[in-house]
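So the chains spell out like this:
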Amino acid sequence: MAGSERDPATITRCGAVAIVGKPNVGKSTLLNALVGEPIAIVSAKPQATRQPVIGIRSDADSQILFHDEPGLLDPQYLMHRAMLEAAVESVVAADAVLYLVPLGAPVTPLVDMEPRFADLDLPIATVFTKADTRSGTPGAGVAPAFVVSARNGAGLESVITWCKAQVPIGPFRHDVDDFSTQPTRFFVTEFVREAAFEILSDELPYAVAAEVDEFREGSKPLYIRVTLFVERDSQKKMVVGSGGQTIRRLGSRARSRIEALLGEKVFLDLWVKTLPKWRTKASVLHRFGLPLITEKRP
């Protein structure tokens, strides 16, 4: 990521670009590539992103806040509804939209996935992803369109150039060395959840939430205590594992990601608690950072 000194006379642009699409189309991988920092969790399992992850790209003449949105899906329960609401709120507040579709897949109109986008008056570019593993060409009538591979960087410069042209003229809002507007605690919980998606099997990672209980500034190594919440006692036993083996693996995986981000040694203290049916409780979802929405009535 850039961060070079700027000529005060340079005309600068600054704004937000939302990255949207169905689950597992490469939104988080693209965010990491555009920002130049692996801040968004990446998983082969869909729906790993629960709330927008904001990454900042600062170049000499522009500062773009890329918002990696939860996947657009048909909500099956309250947490899905909250995830979709978070995505919609973020998109509506953006200056432009990157709509991601895997290369070779049919392009579903964005409004068909979310009717509230019918009145969206924003520039939208279709980005065909995974060009390193898939073949195909943009269909007729899809413009502007870009074909990219976030893994090898192909096509990214064209996407960045388009995004720069869409955000408004104005001063930078953040320091050029900042990589996100979100606090360190947010990324700690995200990396713990990422470890859960990597290590735990089947549906279990979807029942895991994480919350930072203690963050000791100035301690050497930096002490961070995190509680993992699951919905059933049987899930708690699986997360802990025999003799604590699984929770230690989770901690080791997450700690390495946190240390790489912070650039210092970390003592990561993980605990597991049962919070029954937390994915269906609006107040708990709000506590974990999702929008507060009303329960769906029968």
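Look above for the structure.
This write-up is about the structure you can find in this document. (Residues numbered from 1 in each chain as written. Predicted model: local features only at pLDDT ≥ 70, side-chain atom pairs only at ≥ 80, totals over all residues. Heavy atoms only, no water.)

**Overview of the side chain of threonine 189**
Right, so step 1: Tracing the chain through its elements places threonine 189 in helix 5 (residues 184-199).
Right, so step 2: You can call threonine 189 buried: its relative accessible area is 13%. (Helix = DSSP H or I, 4+ residues; strand = E, 2+ residues; numbered from the N terminus. Buried < 20%, exposed > 50% of the residue type's maximum accessible area, 1.4 Å probe, protein only.)

**A closer look at the side chain of threonine 49**
Right, so step 1: Relative to the elements of secondary structure, threonine 49 occurs in the loop between helix 1 (27-35) and strand 2 (53-58).
Right, so step 2: On the basis of relative accessible area, threonine 49 is assigned to the buried category, the value being 9%.
Right, so step 3: Of the polar contacts made by the side chain of threonine 49, one reaches the side chain of serine 28; its length is 3.2 Å.
Right, so step 4: Not counting chain neighbours up to four residues away, the residues in contact with threonine 49 comprise Ser28, Asp68, Glu69, Pro70, Met83 and Arg193. (Polar contact = N/O pair within 3.5 Å; in protein donor to acceptor, adjacent residues only side chain to side chain. Contact = heavy atoms within 4.5 Å.)

**Some details on the environment of arginine 13**
Right, so step 1: Here arginine 13 lies in strand 1 (residues 13-20).
Right, so step 2: Residue classification places arginine 13 among the partly exposed residues on the basis of a relative accessible area of 29%.
Right, so step 3: Once the C-alpha coordinates of arginine 13 and serine 62 are considered, the two residues, 49 residues apart in sequence, prove to be 4.6 Å apart.
Right, so step 4: Apart from the residues within four sequence positions on either side, arginine 13 is in contact with Asp61, Ser62, Gln63, Lys164, Ala165, Val167, Pro168, Ile169, Gly170 and Phe172.
Right, so step 5: Polar side-chain contacts of arginine 13 include one of 2.7 Å to the backbone oxygen of valine 167.

Spatial relationships are all this shows, so hold off on functional conclusions.
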